[in-house]
Amino acid sequence: ELKVEQNPLFLSMQEGKNYTIYCNYSTTSDRLYWYRQDPGKSLESLFVLLSNGAVKQEGRLMASLDTKARLSTLHITAAVHDLSATYFCAVGLLTDSWGKLQFGAGTQVVVTP
Amino acid sequence: EAGVTQSPTHLIKTRGQQATLRCSPISGHTSVYWYQQALGLGLQFLLWYDEGEERNRGNFPPRFSGRQFPNYSSELNVNALELEDSALYLCASSSGLVNNEQFFGPGTRLTVL
């Protein structure tokens, strides 16, 4: 059974500093997705990582995928308040035709001055 | 372009009743997914419909069922409601292309009293 673990589960960030969220998964996969959820809202797609070594960047966020280590990281550069949200990683499997996503527990990020 | 829409926004039912939740995918998307986000349990995959057929099902009892209509919209039915069915139900859609990125709707908040 596929397990997806995120850490940390809670991250208190200071504005201007850099941080990393880790996403480990238990079964070989090369489909990794990152989503953001604001309180009381739905999920917003951030990144889709499709192969080993894939790196995607958008603004202060950068995501990467190492399929050999079964690890994805979401790096936040110079945190700002509007990055406060919960971040989820999700993994899809070929055996499920990529349709069934297994989500991590989420990392709640709070950015303070 | 309109995103995924869901109705109703909120639904209050009593134990033992039935609930029907509706989802309209992004135009051109043929796959619809349902997820449950319950407090303390995270995001769990419920069902996946594609071209009118059920493609995959999560670890939920048979009283959770659904269907997809010819226009690709979908319905999730929950029979014999239990208190623990209280959750945010999220619908997502995808085009089924290479990355199979899933785009989420705003959700239906189901409360069972």
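All of these numbers come straight from a predicted model, not from anything done at the bench.

Cut-offs applied
Residues numbered from 1 in each chain as written. Chains lettered and ligands numbered in written order. Predicted model: local features only at pLDDT ≥ 70, side-chain atom pairs only at ≥ 80, totals over all residues. Heavy atoms only, no water. Disulfide = S-S within 2.5 Å. Helix = DSSP H or I, 4+ residues; strand = E, 2+ residues; numbered from the N terminus. Phe/Tyr/Trp six-rings, centres within 6.5 Å; stacked < 30°, edge-to-face > 60°. Buried < 20%, exposed > 50% of the residue type's maximum accessible area, 1.4 Å probe, protein only. Pairing = 2+ DSSP bridges. Axes fitted to C-alpha atoms, helices over the stretch in contact; angles between N-to-C directions.

Looking now at the state of the cysteines. Residues and elements named next belong to chain A. Scanning all chains against the criterion turns up 2 disulfides over all chains. Residue pairing for C23: its cysteine sulfur links by disulfide to C89, the two sulfurs lying 2.0 Å apart. Across the S-S bond linking C23 and C89, the dihedral sits near 80°, which makes this disulfide right-handed. Within this pair, whereas C23 is found in strand 3 (residues 19-25), its partner C89 is found in strand 9 (residues 85-92), the two being separated by 66 residues in sequence.

Counted by the stated rule, this structure contains 9 aromatic pairs over all chains. On the basis of an interplanar angle of 20° and a centroid distance of 5.5 Å, the ring pair of Y33(B) and W48(B) is categorised as stacked. Taken together, the positions of Y33(B) in strand 4 (residues 31-38) and W48(B) in strand 5 (residues 42-50) put the pair 15 residues apart, joining distant regions of the chain. There is no split in this pair, since Y33(B) and W48(B) are both buried. Taking 5.5 Å as the distance between ring centres and 45° as the angle between the ring planes, the aromatic pair formed by Y35(B) and F104(B) counts as tilted. One end of the pair, Y35(B), is in strand 4; the other, F104(B), is in strand 10 (residues 103-104), and 69 residues separate them in sequence. Here Y35(B) matches F104(B) in class, with each residue buried. An aromatic cluster of at least three residues, connected via ring pairs, comprises Y35(A), F88(A), F103(A), Y35(B), F45(B) and F104(B).

Once that is clear, we can look at the sheet that holds strand 8 (residues 71-76) of chain A. Residues and elements named next belong to chain A. Strand order across the open sheet formed by 5 strands is 1-3-8-7-6, with antiparallel pairing between neighbours. Here the strands that pair on one side only, and so sit at the sheet edges, are strand 1 (4-7) and strand 6 (55-58). Each strand of the sheet is rotated relative to its neighbour by a mean of 15°, with strand direction disregarded. Here 4 bridges tie strand 1 to strand 3, and the two strands are oriented antiparallel to one another. Note that in strand 3 the partner of N7 across the bridge is Y22.

So yeah, pure geometry; function would need other evidence.
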